[in-house]
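# Examining the three-dimensional arrangement
What follows is each chain in one-letter form.
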Amino acid sequence: MGKPSGEFVAINVAVMTVSDSRDASNDTSGDYLREALAEAGHQVVDRTIVPDNRYRIRATVSRWIASDDVQVVIVNGGTGFNSKNSTPEALLPLLDREIEGFGELFRMISYEEIGSSTLQSRAVAGLANQTLIFAVPGSTNACRSAWERIIEDQLDARTRPCNFVSHLKKL
C-alpha cells in the first residue's frame, strides 16, 4: 500500500477521551493521538475528556460536527462491552453514513494482538455533516493500532486507491 506522490492536506481534528477516571495528567491515549496527529502534519483544534455518558459525548461531538473548524473527530474510550460503555450509542444516531469496514478492520487487527477478546470491541466510524468520526477503545495500544494501521492512511490525501479526505468539509 504505497503513497504515490501528491499534495499533503493538513486536516483539523478534535480528540475526545471518554473516561470516568482520566484527567489531563494521565490521559496517555489522548496524548498519543495528539502527538501522532501533529507528527503526521494535522492540526488538533480541540481536545477534551468527557465522562462515559452518552448525552455528554453526543453533545460535544454534535458541536464539533456543526463547527466549520472540525473535519475529523477521534474518540477513544467507552467502546467496550461493559454496560457503562456508551460511546457507540452516543455516536451512531449522529451519523449520516456508517463506515462498517472500520470496525471490521479494527477487530481483525485487534485479533492479532488480543485474540478473541476483540469480540467485545465496539469500535465504530462514520460520516456526519462531512465530518469523519472514529471511535476506538481507550487503551493507548488500541489507539496506536487504529492510528498506525487504519486512520493515518485514510486521513492522507496521497493514499491510493482511496482515502476519506475528499469527503470532508472544506475549510
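Residues numbered from 1 in each chain as written. Predicted model: local features only at pLDDT ≥ 70, side-chain atom pairs only at ≥ 80, totals over all residues. Heavy atoms only, no water.

## Overview of the UniProt feature "domain: MoaB/Mog" (unreviewed entry) in the protein chain
When the UniProt feature table is mapped to this numbering, "domain: MoaB/Mog" (unreviewed entry) covers residues 14-158. Across residues 14-158 one finds 42% helix and 21% strand; the C-alpha atoms that close the span lie 22 Å apart. (UniProt positions renumbered as here; feature names shortened; annotations may be inferred. Helix = DSSP H or I, 4+ residues; strand = E, 2+ residues; numbered from the N terminus.)

## Digging into helix 1 (residues 28-40)
Relative to the 18 Å expected for 13 residues at 1.5 Å per residue, helix 1 spans 18 Å between its end C-alpha atoms, a close match to the ideal helical length. Buried residues along helix 1 sit against strand 1 (12-18), strand 2 (43-50), strand 3 (72-76) and helix 5 (140-154). Count one or two residues on from helix 1 and you reach Gly 41, which has phi positive near 100°. (Expected span 1.5 Å × (residues − 1). Contact = heavy atoms within 4.5 Å.)

## Some points on the nonpolar core
Within the largest apolar cluster, 30 residues are counted, with the highest numbers of intra-cluster contacts made by Val 72, Ile 74, Phe 102, Phe 134, Trp 147, Ile 151 and Leu 155. Of all the elements in the fold, those that place two or more residues in this core are strand 1, helix 1, strand 3, helix 4 (100-114), strand 5 (124-128), strand 6 (131-136) and helix 5. Ranked by residue count, the leading element in this core is helix 5, at six residues. (Core = buried A, V, L, I, M, F, W, Y, C linked by side-chain atoms within 4.5 Å. Buried < 20%, exposed > 50% of the residue type's maximum accessible area, 1.4 Å probe, protein only.)

## What about the pairing of strand 6?
By the criterion of burial, strand 6 is predominantly enclosed, with six of the six residues buried. Alignment of strand 3 against strand 6, held across five bridges, turns out to be parallel. Looking at strand 6, one finds that Asn 76 is bridged to Val 136. Two strands pair when backbone bridges link them, and strand 5 and strand 6 are joined in this way by five bridges, in the antiparallel orientation. Across the sheet, Ala 125 pairs through a bridge with Phe 134, a residue of strand 6. (Pairing = 2+ DSSP bridges.)

## Some words on the environment of Ala 36
By secondary structure assignment, the location of Ala 36 is in helix 1. Along the backbone, Ala 36 and Val 13 are 23 residues apart, and their C-alpha atoms lie at a distance of 11 Å.

## Some thoughts on unusual backbone geometry
Across residues other than glycine, the phi torsion is negative in most instances, and most of the peptide bonds are trans. Pro 161 follows Arg 160 through a cis peptide bond whose omega is 15°. Locating Pro 161 in the fold gives a position in the segment after helix 5. The phi dihedral of Asn 129 is positive, around 55°, even though this residue is not glycine. Within the secondary structure, Asn 129 sits in the loop between strand 5 and strand 6. You can call Asn 129 partly exposed: its relative accessible area is 40%. Positive phi, close to 60°, is recorded for Gln 130, a residue that is not glycine. Position of Gln 130 among the secondary structure elements: in the loop between strand 5 and strand 6.

## Concerning the environment of Ser 121
Here Ser 121 lies in the loop between helix 4 and strand 5. Sequence spacing of Ser 121 and Val 136 is 15 residues, and the spatial spacing of their C-alpha atoms is 8.3 Å.

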